[in-house]
Each structure stands twice: as C-alpha cells, then as structure tokens.
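Each chain is listed here by its residues.
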Amino acid sequence: MSDLLPHPGTGELFGSPVPPGAGWPGDPAAADTPVAATPAVVRRLARTRDLRELDARVSVCRACPRLVAWREDVARDKRASYAGEPYWGRPIPGWGSPSPRVLIVGLAPAANGANRTGRIFTGDRSGDWLFASLHRVGLATRPISVDATDGQELIDTRMVATVRCAPPQNKPTTVERDTCAPWIEAELALLVDSVRVVVALGSIGWDATLRSFRAIGWEVERPKPRFGHGAEATLTGPDGATVVLLGCYHPSQQNTFTGRLTEPMLDDVLRRAAGTGTLSG
Ligand code: SF4
C-alpha cells in the first residue's frame, strides 16, 4: 500500500489500493469479507444469494494473479494527473438498483477510471458519455459521474462489467474471463426477476451476455444473434420469461472520437432500453 492521500470527495485519507472496510464511499466489503484467491473459490463464494454480499466478495477477489498485480501497480504508480488521489485498486462490483429493469453490461474497468474511483464507468471519458446519455433518457439523476460522492444515482438501472478488474491494454485473457464468469452469472441469477432489457456494450459485452445467460439456464435464439449497434435479440428463461438484449457500440474514445458512435446513436439505444418493460413500453 502506498502513502495515504485524501479522497477527492470526502478528504478522508486512504492508501492505494484501498483496504476493504476502510471507509471508502460505497465500499461494500468489510475487513473480514471472504477473499477468493483461486477460480475454485470464486465459484464457491459466488453462490451467495445476497446481492450486497456478492458485491462485497467481488470487491476483494484476488483470483487472477496478472490482473491483481496490474490493478495494484496502477493504483500505486498513478497517472500524473491523479497523483494526489488515492486509487481504489480493487475489483469493481455491479452498481445501481438492486432490482433493475435495465441492465448495462460493459467489458472491464478502466485502469485510471473505475480502478481509481471504485465505481463502474466513473471517472473516465467512456463513463462521461454513458452517464450523460443515461441522464438524457431518464435513467440517471445527473449527467456526470466523477467519484462515489458525486450524488449520482441510476434509475431502475444497474451496470456490471464482464471482467471485474482492469486489464492491461483493456484485454483480459480467456482464462481471466472464465475465472471471473461466476461473479456475473451469480449477479444475473439474482437480477433476472426484475430485468427486462440488457444493453450490451460492444461485441464483447454482447457475447458475454449471451454466454452468461446460457450459463444460468436461459435460451438464446439460434443461430446466435449477431452484434450490431441497435441489434435486438430475445432471451428466454426456464419459466418462459423473456429479456430483450440490445446491442450498442461501446462509448470508447476509439468509437466516439472517430464518429462511429455519436450522442444521438447512444441516446437512441438507451431510450429504447428506457422504454422497454414499462407499462407504456
Ligand atoms: S478479474 Fe474477476 S476473478 Fe479475476 S481477480 Fe478480478 S474479480 Fe477476481
């Protein structure tokens, strides 16, 4: 752990990475939250039926040695522009409503975004785009997302990452993806009673969503639905319940700088999501 630095919102001092239960805003874990250090223990600890406990267990996971080293190195070294801030440096649990109608599935946390702020999509350019759009379509209370004390709240919506730790070059390995899969599968199993629409960001988020729903016993159309911006598929649960899957280009700088994804395009998909499963939608 590096020197203590003040949290930008509260001024309270934290080391980087942040110890569980140290008082970081929104930290779901306590000092005694059980830690998964192997894939087998991830599978065992993911069996909880308590979403808050699941979030806590995710947030202290250490099952992928390469990702643990990377997220903690970034937390200690810090980008120059954030040198005066503590970095969360831990896995990023899902965030938002515990019984959402809309679920947004992303790839993995950003090294200097969520890995710094401790909250998914918070503190980077992708998140700026996403939260601004969510606000425009009525799914977020504010257009910004800076840190866990900014007052932001999602409305009827939750966000999750497929892989919960920041990976080098934003590229987790297949083994890391599979090691992390029980966390998102467990979370989906706890959320499916309320979720009516899933927005998958990018083809990786799309494939991960299909894989995760299959893993918890849901049926996916055949042939496998193809990802595209605005693509739509239907997922069917064992009891016949259905969830709409919407594809959306990832609001990465690669997509937003080049104009591949524009604000109206992002708003279109999120507006469809906002209207799905409502009494009038
Ligand atoms: S990527 Fe997932 S399984 Fe691997 S250490 Fe992070 S939270 Fe644990």
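Look above for the structure.
Residues numbered from 1 in each chain as written. Predicted model: local features only at pLDDT ≥ 70, side-chain atom pairs only at ≥ 80, totals over all residues.

Draft legend 1. How the structure looks around the site of the ligand. Residues in contact with the ligand amount to 16 residues; listed here are only the nearest, C61, C64, R164, C165 and C180. Looking at the shell around the ligand, the elements with two or more residues in it are α3 (65-77) and α6 (174-191). No other element matches the four residues that α6 contributes to the shell around the ligand. The residue inventory of the shell around the ligand, partitioned by class, reads twelve nonpolar, one polar and three charged. (Near = placed C-beta within 6 Å. Helix = DSSP H or I, 4+ residues; strand = E, 2+ residues; numbered from the N terminus. Nonpolar A, V, L, I, M, F, W, Y, C, P; charged D, E, K, R; others polar.)

Draft legend 2. How the structure looks around the pairing of strand β5 (residues 157-161). In terms of burial, β5 is a largely internal element, five of the five residues being buried. Inspection of the sheet shows strand β3 (residues 95-96) paired to β5 by two bridges, in the antiparallel sense. Bridged to G96 within β5 is R158. (Buried ≥ 20, exposed ≤ 12 C-beta atoms within 10 Å, placed from the backbone. Pairing = 2+ DSSP bridges.)

Draft legend 3. Examining unusual backbone geometry more closely. Residue P17 is reached from S16 by a cis peptide bond, and omega for that bond is -5°. Note that P17 resides in the loop between β2 (13-14) and α1 (39-45). Going from R222 to P223, the amide bond is cis rather than trans, its omega being -5°. Looking at where P223 falls in the secondary structure, it is placed in the loop between β7 (219-220) and β8 (232-236). The phi dihedral of K78 falls on the positive side, at around 65°, and the residue is not glycine. The residue K78 is located in the loop between α3 and β3 in this model. Looking at K78, the number of C-beta atoms within 10 Å reads 19, which means it is partly exposed. Positioned with a positive phi, Q169 is a non-glycine residue whose angle comes to about 55°. Tracing the backbone shows Q169 in the loop between β5 and α6. For Q169, a count of 7 C-beta atoms within 10 Å gives the class exposed.

Draft legend 4. Structural context of the sheet that holds β3. Across the sheet, seven strands lie side by side as β3-β5-β4-β6-β9-β8-β7; this open sheet has mixed pairing. This sheet does not close on itself; its edge strands, each paired only once, are β3 and β7.

Draft legend 5. Local environment of α6. Between the first and last C-alpha of α6 there are 25 Å, a value that for 18 residues agrees with the 26 Å anticipated at 1.5 Å per step. Most pronounced at C180, the bend in α6 amounts to some 40°, and the proline P182 follows within four residues. Taken residue by residue, α6 has E176, R177, T179, C180, A181, P182, W183, I184, A186, E187, L188 and L191 as its buried positions. (Expected span 1.5 Å × (residues − 1). Bend = angle between axes of the 7 residues up to and from the residue.)

Draft legend 6. Focus on the environment of T234. Counting through the fold element by element, T234 comes out in strand β8. Sequence-wise, T234 and V197 are 37 residues apart; in three dimensions their C-alpha atoms are separated by 9.2 Å. Ignoring any residue separated from it by four or fewer positions in sequence, one finds T234 in contact with E221, T242 and V244. (Contact = placed C-beta atoms within 7 Å.)

Draft legend 7. Just the packing of helix α5 (residues 125-136) against helix α9 (residues 263-275), in detail. At their nearest, the axes of α5 and α9 sit 9 Å apart, and the two run at 55° to each other. The angle between α5 and α9 falls in the class oblique. Relative to α9, α5 is oriented so that their crossing is right-handed. For the pair α5 and α9, contact is made by W129, S133, L134 and R136 and by E263, L266, D267 and L270, respectively. Among the residues forming the contact of α5 with α9, the class breakdown is four nonpolar, one polar and three charged. (Axes fitted to C-alpha atoms, helices over the stretch in contact; angles between N-to-C directions. Parallel < 35°, antiparallel > 145°, perpendicular 65-115°, else oblique. Left-handed = near helix turned anticlockwise from the far one by under 90°.)

Draft legend 8. Spatial organisation of the nonpolar core. Ranked by size, the top nonpolar core spans 79 residues in total, and within it V198, V199 and L270 carry the most contacts. Apart from residues lying up to four places away in sequence, L270 is in contact with S133, L134, V137, L139 and V199. (Core = buried A, V, L, I, M, F, W, Y, C linked by C-beta atoms within 7 Å.)

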